[in-house]
Amino acid sequence: MKMDQVQLYSQRYQGSKVAFNSRRGVGKIIQGIATDMDRSLDIVILRDDDNFPHCVSLLTLEEI
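These lines cover the structure that appears in this document, whether it is placed above or below. (Residues numbered from 1 in each chain as written. Predicted model: local features only at pLDDT ≥ 70, side-chain atom pairs only at ≥ 80, totals over all residues. Heavy atoms only, no water.)

It is worth spelling out the pattern of salt bridges at this point. What the rule picks out here adds up to 2 salt bridges. The closest approach of N and O atoms between Arg 39 and Asp 4, which form a salt bridge, is 3.6 Å. Of this pair, Arg 39 sits in the loop between β2 (29–38) and β3 (43–47) while Asp 4 sits in the segment before β1 (12–16), and the two are 35 residues apart along the sequence. Comparing Arg 39 with Asp 4 shows no difference in burial state: the two are exposed. Notably, a salt bridge pairs Asp 49 with Arg 12, separated by 3.5 Å at the nearest N-O pair. With Asp 49 in the loop between β3 and β4 (53–57) and Arg 12 in strand β1, this residue pair connects regions lying 37 residues apart in the sequence. Overall, the relative accessible area of 66% leaves Asp 49 in the exposed class. Since its relative accessible area comes to 30%, Arg 12 is described here as partly exposed. (Salt bridge = Lys/Arg side-chain N within 4 Å of Asp/Glu carboxyl O. Helix = DSSP H or I, 4+ residues; strand = E, 2+ residues; numbered from the N terminus. Buried < 20%, exposed > 50% of the residue type's maximum accessible area, 1.4 Å probe, protein only.)

And the structure:
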């Protein structure tokens, strides 16, 4: 998926979690609503059902 196709706050996505300061949960599939994106790192921030933010790789992001 391309960065231009991501719709913030309106669509549910799933993707593989990435981490920058720990290895906890890396690779886990996260489902949630896209709330933010970082074009320089190619990541999207997803908020899960508990409203917790997760960094997800744009390469693994798909619409559900």
